[in-house]
Amino acid sequence: MPRRTLLAPLLAVLLLTAACAGQPSSTPSAVPQPAPASPAGSAAAGDALSGIDMVFLSTMVGHSERTLEIVRLARDRVRDGALRTLAAAIEATEADELAAMRGWLPTAGPGASAGGHHHAGHGDDAALDRLRAASDADVDRVLREVLADHQRAAADLARAQVDVGRSEHVRDLARRIERSRTAEVELLTGPPAARR
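Source: prediction; values computed, not measured.

S.K.: Sorry if this is basic, but what is going on with the pattern of salt bridges here?
M.R.: Side chains that carry opposite charge are capable of pairing whenever their charged atoms lie near each other. Applying the stated criterion to the full structure yields 20 salt bridges. The salt bridge involving Asp-136 is made with Arg-77; its shortest N-O contact spans 3.2 Å. Highlighted residues: Asp-136 in the loop between α4 (124-133) and α5 (139-164) and Arg-77 in the loop between α2 (51-74) and α3 (81-104), separated in sequence by 59 residues. Judged by relative accessible area, Asp-136 falls into the partly exposed class, the value being 43%. Linked by salt bridges that have partners in common, Arg-66, Glu-69, Asp-125, Asp-129 and Arg-132 make up one network.

What follows is the structure in structure tokens.
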């Protein structure tokens, strides 16, 4: 399954980076919380992220970029009103999270802002092709399947970060991502009667 193909190496990277990061220092890592008017925020002197936190944030930047691509690719074709509303909520949430994570990464030091984990060449490229090729009659079903698989992967990655992350701020973000993506998957895969 493409999602599992992508997920296994990313979880391995998270776990290996955590092992290499060693024990947390006596000064806890901190990531500034973005102000509502300026989602990117700015770093206070001495703020730092561990390697595992940087890997997670970078990976989630790429993942959220792909989520926005999926949603925007299908939003004008979606027929089901509840699915359209859910897709719009996902787009708004992930756009905000993406702005915050991009703002946090430069605080980690040289090389941390080199870019998110790019999804090009991964299994979800085939899922995007499926979505592009879906007929108008099938686009809702295909979007549900593609988006559920994609969001399930995000929940799995976030759950792993909660267990191994060093920064409490990043772990808090991971907890929120895990909860929201799990809820989205339930809405996307629930019985048809529950979707309306």
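That shown, we press on.
S.K.: Hey, could you run me through the environment of Leu-128 in this one?
M.R.: When you line up the elements, Leu-128 lands in helix α4. Its relative accessible area of 2% is what places Leu-128 among the buried residues. Each C-alpha atom of the pair Leu-128 and Arg-66 lies 9.3 Å from the other, and the pair is 62 residues apart in sequence. With near-sequence residues (within four places) excluded, Leu-128 lies in contact with Arg-66, Glu-69, Ile-70 and Leu-73.

S.K.: Is there a simple way to think about the side chain of Arg-144 in this case?
M.R.: Mapped onto the elements of the fold, Arg-144 is located in helix α5. A residue is classified by how much of its surface remains accessible, and Arg-144, at 8% relative accessible area, is buried.

S.K.: Got a minute to help me understand the packing of α2 against helix α6 (residues 168-189) in this structure?
M.R.: A pair of packed helices is captured by two measures, namely the crossing angle of their axes and the spacing between those axes. Interaxial distance between α2 and α6 falls to 11 Å at its minimum, and their mutual angle equals 35°. Note that α2 runs across α6; the crossing there is left-handed. Only Val-170, Leu-173, Ala-174, Ile-177 and Arg-181 of α6 make contact with α2, whose side of the interface consists of Asp-53, Phe-56, Leu-57, Met-60 and Ser-64. Broken down by class, the residue content of the contact of α2 with α6 amounts to 7 nonpolar, 1 polar and 2 charged.

S.K.: I keep staring at the nonpolar core and nothing clicks. Help me out?
M.R.: Looking at soluble globular proteins, one finds that nonpolar side chains tend to be buried together. Judged by nonpolar contacts, the single largest core of 19 residues is most densely connected at Ile-70, Ala-74, Leu-131, Leu-143, Leu-147 and Leu-188. Within the residue set of this core, elements represented by two or more residues are α2, α3, α4 and α5. Here this core gets 6 residues from one element, more than from any other, and that element is α5. Residue contacts for Ala-74: discarding those within four places in its chain leaves Leu-131, Val-139 and Leu-143. Counting residues in each nonpolar core, the second largest holds 17 residues, with Phe-56, Val-162, Val-170 and Ala-174 among its members.

S.K.: Hey, could you run me through the confidence of the model for the chain in this one?
M.R.: Any region with low pLDDT has predicted coordinates that should not be read closely. Per-residue confidence for the chain averages 75 on the pLDDT scale, and 64% of its residues sit at or above 70. Low confidence marks residues 1-47, where pLDDT is under 50. Its contacts with residues over four positions away, or in another chain, come to 74 contacts. Below pLDDT 50 for its whole length, residues 110-122 participates in 25 contacts with residues either more than four positions away or in separate chains.

Here is what the cut-offs are and how they apply
Along each chain, residue indices are assigned from 1 in the same order as the chain's sequence is written. Restriction of local features to residues with pLDDT of at least 70 applies here, the model being predicted, together with a cutoff of 80 or more for giving and counting side-chain atom pairs; totals for whole chains, interfaces and linings are based on all residues. The basis for every side-chain value is the complete set of non-hydrogen atoms in the structure, without hydrogens or water. By salt bridge we mean one thing: a side-chain nitrogen of Lys or Arg within 4 Å of a carboxyl oxygen of Asp or Glu. Starting at the N terminus, helices and strands are each numbered in turn, a helix being any DSSP run of H or I of at least four residues and a strand any DSSP run of E of at least two. Buried means the residue's accessible area, taken with a 1.4 Å probe over protein chains only, is under 20% of the maximum for its type, while exposed means over 50%, and partly exposed covers the values in between. In this description, contact between two residues means that some pair of their heavy atoms is separated by no more than 4.5 Å. The convention used is that axes are lines fitted to C-alpha atoms, helices contributing only their stretch in contact, and that angles between N-to-C directions extend from 0 to 180 degrees. Left-handed describes a crossing whose near helix is turned anticlockwise from the far helix through less than a right angle; right-handed describes the clockwise counterpart. Here the nonpolar group is Ala, Val, Leu, Ile, Met, Phe, Trp, Tyr, Cys and Pro; Asp, Glu, Lys and Arg are the charged ones; every other residue, Gly included, is treated as polar. Side-chain atoms within 4.5 Å link the members of a nonpolar core, which is a set of buried Ala, Val, Leu, Ile, Met, Phe, Trp, Tyr and Cys residues. Each residue carries a pLDDT score, the predictor's confidence in it, ranging from 0 to 100.

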